[in-house]
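# Observations on chain architecture
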Amino acid sequence: ACLALATVMFMQFKMVNQTDINELEVMREDELRTELANWKAKYEDAESQYQEKTKKLEEYNKTEATEEETEGLVKNELEQVNLVLGRTDVEGQGITITLQENKDAEAGITSDNLNMIVNELKEAGAEAISINDERIINMTDIVSVNTVIRVNQQRVVSPYVIKAIGNQTYLEGAISGNGGECDKLEKLGHTVTITKSNKIQIKKYNKDLTSKYIKED
C-alpha cells in the first residue's frame, strides 16, 4: 500500500511539473509575440514619422530654392530696369567726344548739334550716353534757353564732353563720317576730339523719375 501510494504521488507530482513547464513555455511565447508586435508597431510608427519629416524637408528645400531663384530673377530684372533708366553708374568700352567751341567760328554750338550727335550715337548702338556728366535717358531734354544750353535742366558749357558706351568702331564711324554732325562742327571752325577707351565711366541719372500728371487707369 505504501509503495502504491508513493507511486501515485510521484506520478501526480510529475504531471504537475510538466503542466507548469508547458504553461510557462506558452506564456513566454505569448509574451514574445506581444513584445514583437509592440516593437513592430513602434518601428512602423518611427518609419512613418521619418518619411513624413523627410517629405517636409524636401518640400522646404524645394520652396527655399524656388524663393532664392525667384529673388535672383527679380534682382536681375531690377538691375536691368535700373540700367535702362540710367539709375546706376556704368563702365565699359566706348568713346569720348570733346567739342571745344570756337568763339570766332561762323556759328556757335547749339542744343540741336548736341541732340543730333546723341541721336547718331543711339543709332550706332550706344548703351549709355552723357553730356558733361549729365546722363542721357528717354526723358532727357537738351534745349537752348536764350544762349544757354541745358541738359536735364542743368546748364552745360564748352567744352562739351560727350561720353558713349558701346562698340567703339560703330560709335566712331557714326559721328566721324563725312557729312556727320561732328564733321559739320569742324567745318564751322570748332575743335572736335574723339578718343577711344575701354573704361568709359558714365554717372547715373540722379533726378526724380516720378511722373506728376500721368495716372494709372
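To start, this report covers the structure provided alongside it. Per chain, the residues get numbers from 1 upward, laid out in the order the sequence is written. Local features in this predicted model are restricted to residues of pLDDT 70 or higher, and side-chain atom pairs are both shown and tallied only at a pLDDT of 80 or more, whereas totals for entire chains, interfaces and linings draw on every residue. Only heavy atoms go into the side-chain values, all of them from the structure, while hydrogens and water stay out.

### Comments concerning the nonpolar core
A general tendency of soluble globular proteins is for nonpolar side chains to be buried together. Here is the rule we go by: Among buried residues, those of type Ala, Val, Leu, Ile, Met, Phe, Trp, Tyr and Cys that are joined through side-chain atoms within 4.5 Å constitute a nonpolar core. Only protein chains enter the area calculation, which uses a 1.4 Å probe; residues under 20% of their type maximum are buried, those over 50% are exposed, and those in between are partly exposed. Numbering of helices and strands runs from the N terminus; a helix is a DSSP stretch of H or I covering at least four residues, while a strand is a stretch of E covering at least two. Residue contacts are counted whenever heavy atoms from the two residues lie within 4.5 Å of one another.
One finds Ile 97, Leu 99, Leu 114, Ile 117, Leu 121 and Ile 162 to be the most contacted residues of the largest nonpolar core, which totals 25 residues. When contributions to this core are tallied by element, the ones reaching two or more residues are β1 (90–100), α2 (111–123), β2 (128–131), β5 (148–151), β7 (160–165), α3 (168–176) and α4 (181–188). Of all the elements, α2 adds the most residues to this core, at four residues. Each residue touching Leu 121, except ones within four places of it in the same chain, is listed here: Ile 95, Ile 97, Ala 126, Ile 129, Ile 162, Ala 164, Leu 171 and Ile 175. Listed in part, the five residues of the second largest apolar core include Val 90, Ala 128, Ile 200 and Ile 202.

### Overview of unusual backbone geometry
Each neighbour pair has its own omega, and for Ser 158 with Pro 159 the value is 5°, a cis peptide bond. Residue position: Pro 159 is located in the loop between β6 (154–156) and β7. Notably, Asn 146 is not glycine yet its phi reads approximately 60°, a positive angle. Inspection of the secondary structure puts Asn 146 in the loop between β4 (142–145) and β5. Accessibility expressed as a relative area gives 77% for Asn 146, which makes it exposed. Positive phi is not limited to glycine here, since Asn 152 has a value of about 55°.

### Points about the packing of α2 against α4
Which entries qualify depends on this criterion: To get an axis, fit a line to the C-alpha atoms, keeping to the stretch in contact for a helix; angles then go from 0 to 180 degrees between the N-to-C directions. Think of it as three bins: nonpolar holds Ala, Val, Leu, Ile, Met, Phe, Trp, Tyr, Cys and Pro, charged holds Asp, Glu, Lys and Arg, and polar takes everything else, Gly as well.
α4 packs onto α2 with a crossing angle of 145° between their chain directions and a minimal axis gap of 9 Å. Contacts between α2 and α4 involve Asn 113, Met 116, Ile 117 and Glu 120 on the former and, on the latter, Glu 181, Cys 182 and Leu 185. Considered class by class, the residues forming the contact of α2 with α4 number four nonpolar, one polar and two charged.

### Quick notes on the sheet that holds β6
Here is the rule we go by: Note on pairing: DSSP must find at least two bridges between two strands before they are called paired.
The sheet built from three strands is open, its strands ordered β4-β5-β6 with antiparallel pairing. Both outer strands of the open sheet, β4 and β6, are each paired with one neighbouring strand and no more. This sheet shows a mean twist of 40° between the axes of neighbouring strands, independent of strand direction. Strand direction decides the pairing type here: β5 and β6, joined by three bridges, are antiparallel. When the sheet's bridge partners are listed, Ile 149 is paired in β6 with Val 156. Lying on the sheet, α2 is in contact with β4 and β5; it crosses β4 at an angle near 175°.

### Details of the sheet that holds β1
Within the open sheet, the five strands sit side by side as β3-β2-β7-β1-β8. Their pairing is antiparallel. Of all the strands in the sheet, the pair left with one neighbour each is β3 (134–135) and β8 (191–202). Sheet topology note: the β1/β7 ladder contains six bridges and is antiparallel. Within the sheet, the bridge partner assigned to Leu 99 lies in β7 and is Tyr 160.

### Observations regarding the pattern of salt bridges
Selection rule: Between Lys or Arg on one side and Asp or Glu on the other, a salt bridge is scored when a side-chain nitrogen of the former is within 4 Å of a carboxyl oxygen of the latter.
Within this structure, the stated rule accounts for three salt bridges. A salt bridge links Lys 196 to Glu 172; its shortest N-O distance comes to 3.2 Å. Of the two residues, Lys 196 sits in strand β8 while Glu 172 sits in helix α3, which places them 24 residues apart along the sequence. Classification of Lys 196 as partly exposed rests on a relative accessible area of 46%. Given the relative accessible area of 26%, Glu 172 is considered partly exposed. The closest approach of N and O atoms between Asp 183 and Lys 187, which form a salt bridge, is 3.2 Å. You can see Asp 183 and its partner Lys 187 sitting in helix α4, four residues apart, about one turn around the helix. Classification of Asp 183 as buried rests on a relative accessible area of 16%.

Function cannot be inferred from these measures alone, as they are strictly geometric.
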